[in-house]
Amino acid sequence: MVRVNNNFSKIRESYLFSEIAHKTAEYRSSHVDAKIISLGIGDVTRPLCNEVIKSLHTAVDEMGVQETFRGYGPEQGYKFLIEKIIKHDYNSRGITLDADEVFISDGAKSDLGNIGDLFDTDNLVVVTDPVYPVYVDTNIMAGRADNIMYMSCSAENNFIPTLPEKTPDIIYLCYPNNPTGTTLTKSELKKFVDFAKEKGSLILYDSAYEAFITEEDVPHSIYEIPGAKDVAIEFRSFSKTAGFTGVRCGYTVVPKTVKASAPDGSLIALNKLWNRRQCTKFNGTSYIVQRAAEAVYSPQGQKETKENIAYYLNNANFIREGLASIGMQVYGGVNAPYIWVKTPQGMGSWDFFDFLLEKCNVVVTPGVGFGPSGEGYVRMTSFGTKENCEEAIDRIKKILI
Ligand code: PLP
């Protein structure tokens, strides 16, 4: 009989979003007139900008004409998009990359999960707590359930992770952070890069929320830190930057200077392995989608996507300031669409969730669902409409004041 990959049995069932949906539905069934507002949305809500839509239409039309029809494209992505990425996202910050160091994909989640194919099961992995669960679950699937260490992040350490005593082989960092919305400054991130260089560790840097950065000292790319091109792989996404959660496009940067060791002690360039992995298991992101992503970099595309980000950041600011004005402890929301809120009077995350649902008809995400250090916090997101954010915060203020 065929046997399953038993590592799946070691993955903790995530009840977080199903439990939120269940509790919300239950409340709604007994309060049919309640106008429930969700500040738990982890998905964008604003439509794609015009420039992207125009580009999508053009690319679709090209596919219907003999001369411009495209079949399989390069597994690594089309040069027209890679060149724009390098120019706008990296050269503009003083970072140089070769075209074959950027790999286009259908989003950051796939790449973050697939990158594990490159590494031996025995590697020790460290993630933050709270954490975006994909890093943990994909490592468990790959057989590293017993090799995962956690770095607790809370108000007590200013949400700056402390590296464990045992040297990790792989360090996952996500900045701006989901779920806490917090960031690292350049000098804080430099400590991780220096550590990785000294110990031979690899940093997997998820900067899916880079477009939300507003503060000068917050790095957009890990490659802004000297030496990072030797020790870090960076993951980016058009999902939150340009509303592509349903369109699907992201990219991963694997500098040719990042290496890992083979059993005989020789060093292997991870760029070569990732290229091999992608060419074997992935047949490229669709031409139409890559043309849409290219449009994000046009002057009009930049203007329109930045307006959408500003809309969400304005919501984030309203949530942050509104809650702070009644004495609540709030974090994030300045360089990220997420606001991490300390529950009042030491309430548990779920108790505060129930309280907000019942008293304010507002849905949030209990922080403990992202890891034990999230207990005593809830996550609020700025992805809803301005009107809903304002009404939700007004309701919360009235009840908690
Ligand atoms: N990384 C983080 C931290 C995220 O929060 C998300 C999506 O919520 C992703 C990656 C996935 O992005 P994508 O839509 O590109 O797969």
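No experiment lies behind these values; they were computed from the predicted model shown.

Student: Please give an account of the packing of helix H1 (residues 16-30) against helix H11 (residues 349-360) that cites residues and values.
Tutor: Packed helix pairs are characterised by how far apart their axes lie and by the angle those axes make with each other. Relative to each other, H1 and H11 sit at 30°, their axes nearing to 11 Å. Looking at the two axes, H1 sits roughly parallel to H11. Classified by chirality, the crossing of H11 by H1 is right-handed. Between H1, through Leu16, Glu19, Ile20, Lys23, Thr24 and Tyr27, and H11, the contact on the second element is made entirely by Trp350, Phe353, Asp354, Leu357 and Glu358.

Student: Could you give an account of the nonpolar core, naming the residues involved and the relevant values?
Tutor: Counting 50 residues, the largest nonpolar core has Ile203, Phe238 and Phe244 as the members making the most contacts within it. If we ignore the near neighbours within four places in the chain, the residues touching isoleucine 203 are Ile171, Leu173, Phe192, Val193, Ala196, Ile222, Val231, Ala232 and Ile233. In this structure, Met328, Phe370, Val378 and Ala392 belong to the second largest nonpolar core, which totals 35 residues.

Student: Give a description of unusual backbone geometry that names residues and reports values.
Tutor: With an omega dihedral of -10°, the bond running from tyrosine 175 to proline 176 counts as a cis peptide bond. Examined against the element boundaries, proline 176 turns out to sit in the loop between strand E5 (170-174) and helix H6 (186-199). The linkage connecting asparagine 178 with the following residue, proline 179, adopts the cis geometry, with an omega of 20°. With phi around 60°, asparagine 158 is a residue other than glycine that occupies positive phi space. With respect to the element layout, asparagine 158 can be found in the loop between strand E4 (148-152) and E5. Among the residues examined, asparagine 158 registers a relative accessible area of 55% and is labelled exposed. With a phi close to 75°, arginine 248 is a non-glycine residue in the positive phi region. Along the polypeptide, arginine 248 turns up in the loop between helix H7 (239-242) and strand E8 (250-253). Using a relative accessible area of 31% as the deciding quantity, one classes arginine 248 as partly exposed.

Student: Describe the pattern of salt bridges, listing the residues and the values that go with them.
Tutor: In the structure shown here, the tally under the stated rule is 19 salt bridges. Across the salt bridge formed by glutamate 294 and lysine 84, the nearest N and O atoms sit 2.9 Å from each other. Residue glutamate 294 is found in helix H9 (residues 287-296), and its partner lysine 84 is found in helix H3 (residues 79-90); the two are separated by 210 residues along the sequence. With a shortest N-O distance of 2.8 Å, glutamate 294 and arginine 291 are connected by a salt bridge. Of this pair, glutamate 294 and arginine 291 are both found in helix H9, three residues apart, which corresponds to roughly one turn of the helix. Each of the two residues, glutamate 294 as well as arginine 291, counts as buried. Several salt bridges share partner residues, and in doing so they unite Asp89, Glu210, Glu234 and Arg236 into one network.

Student: Any chance you could break down the packing of helix H2 (residues 50-63) against H9 for me, citing the residues and the numbers?
Tutor: One way to put it is that H2 packs onto H9 with a least axis distance of 8 Å and a crossing angle of 150°. The orientation of H2 relative to H9 falls into the category roughly antiparallel. Crossing of H2 against H9: the hand is right-handed. The residues of H9 that touch H2, namely those facing Glu51, Val52, Ser55, Leu56, Ala59, Val60, Glu62 and Met63, are Tyr287, Ile288, Arg291, Ala292, Ala295 and Val296. Residues of the contact of H2 with H9, tallied by class, amount to ten nonpolar, one polar and three charged.

Student: For the pairing of E8, give the residues involved together with the corresponding values.
Tutor: Every second residue of E8 is oriented toward a common face, with Gly250 and Thr252 on one face and Tyr251 and Val253 on the other, all of them buried. Across four bridges, the pairing between strand E2 (residues 102-105) and E8 is antiparallel. Each bridged residue has a counterpart across the sheet, and for phenylalanine 103 the counterpart in E8 is threonine 252. In the sheet, strand E7 (residues 232-237) pairs with E8 via four bridges, with the strands oriented antiparallel. Looking at E8, one finds that phenylalanine 235 is bridged to threonine 252.

The rules behind each value
Residues numbered from 1 in each chain as written. Predicted model: local features only at pLDDT ≥ 70, side-chain atom pairs only at ≥ 80, totals over all residues. Heavy atoms only, no water. Axes fitted to C-alpha atoms, helices over the stretch in contact; angles between N-to-C directions. Helix = DSSP H or I, 4+ residues; strand = E, 2+ residues; numbered from the N terminus. Parallel < 35°, antiparallel > 145°, perpendicular 65-115°, else oblique. Left-handed = near helix turned anticlockwise from the far one by under 90°. Contact = heavy atoms within 4.5 Å. Core = buried A, V, L, I, M, F, W, Y, C linked by side-chain atoms within 4.5 Å. Buried < 20%, exposed > 50% of the residue type's maximum accessible area, 1.4 Å probe, protein only. Salt bridge = Lys/Arg side-chain N within 4 Å of Asp/Glu carboxyl O. Nonpolar A, V, L, I, M, F, W, Y, C, P; charged D, E, K, R; others polar. Pairing = 2+ DSSP bridges.

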